[in-house]
Amino acid sequence: MNIEKVAARRLTAEEVSELGLQDGIFVSAEMDGLPLDCFASAFLTEPGKNFEGGSFTARTIFDTEIQILPDNSEERGIWIADEAGEEIEVLQSAGVLLNLALFVPNGSKESLEALYAAARDAFGVGIVQRWSEEVVAVPDVKVDLYEEPVRGRKGANSQNRDRRALDIYPTRVRFLEPSDGWKFVVEPHKEVVDDTPTI
């Protein structure tokens, strides 16, 4: 394991309640029930003042959520970097996992293999792996994608509509996420016709 030694001090529940979303902390690196005798970099899932009952939820950089009672001496607690603190071991990242959805125009088995070979050439054989592969034919049709507020007023016109993306393939829509408080509206693509009179 790639471990870095960091000087840090343990926080009380009262100190944690003063932290915000941007404050870096360290919590137990345990993941998927695997006990690891070290810590992981993390952030609170919401400002500390919003938690009640002394229990806090943090999300590690490895996308694991962990609930902690900082004042419980039987738990690993929540730590923050402090040069005057004690030394703890922090688990480092081994790399980045990319979940890719690749669109290959007129895709064939040969073109997919060429993409895979190029990625292995760029990053190294044994580094790039295909964990799962879903080959889906994309219909030759495009849609217009809009965003609208989730709670729209009845009888309101579409002035609140916001165009998110133009003429994209329907299969790509499922890989996108709407903005907070907005929902997607998908409609058949309409070419924009400029009927401005010309001389």
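One can find the structure itself at the top, above this paragraph.
Residues numbered from 1 in each chain as written. Predicted model: local features only at pLDDT ≥ 70, side-chain atom pairs only at ≥ 80, totals over all residues. Heavy atoms only, no water.

**Focus on the environment of Val 138**
- Tracing the backbone through its elements, the reader meets Val 138 in the loop between helix H2 (109–123) and strand S8 (143–149).
- The exposure class assigned to Val 138 is partly exposed, which follows from its relative accessible area of 29%.
- Counting along the chain gives 32 residues from Val 138 to Pro 170, while the straight-line C-alpha distance between them is 8.1 Å.
- Ignoring anything within four residues of it in the chain, the contact list for Val 138 reads Phe 103, Tyr 169 and Thr 171. (Helix = DSSP H or I, 4+ residues; strand = E, 2+ residues; numbered from the N terminus. Buried < 20%, exposed > 50% of the residue type's maximum accessible area, 1.4 Å probe, protein only. Contact = heavy atoms within 4.5 Å.)

**Some points on the packing of aromatic side chains**
- This structure, assessed with the given rule, holds two aromatic pairs.
- Positioned over the ring face of Phe 39 is Arg 76, at 4.6 Å from the centre of the ring. (Phe/Tyr/Trp six-rings, centres within 6.5 Å; stacked < 30°, edge-to-face > 60°. Lys NZ or Arg CZ within 6 Å of the ring centre and 35° of its normal.)

**So, the pattern of salt bridges**
- Applying the stated rule across the entire model yields six salt bridges.
- Between Glu 65 and Arg 59 there is a salt bridge whose closest N-O contact spans 2.6 Å.
- Using a relative accessible area of 35% as the deciding quantity, one classes Arg 59 as partly exposed.
- What you see here is one network of salt bridges that share partners, running through Arg 9, Glu 15 and Asp 82. (Salt bridge = Lys/Arg side-chain N within 4 Å of Asp/Glu carboxyl O.)

**Some details on the environment of Ser 55**
- Note that Ser 55 resides in the loop between strand S3 (39–44) and strand S4 (56–60).
- For Ser 55, a relative accessible area of 25% gives the class partly exposed.
- Along the primary structure Ser 55 and Val 16 are separated by 39 residues, whereas in three dimensions their C-alpha atoms are 10.0 Å apart.
- For Ser 55, the residues in contact, after removing those within four places along its chain, are Gln 67, Ile 68 and Leu 69.

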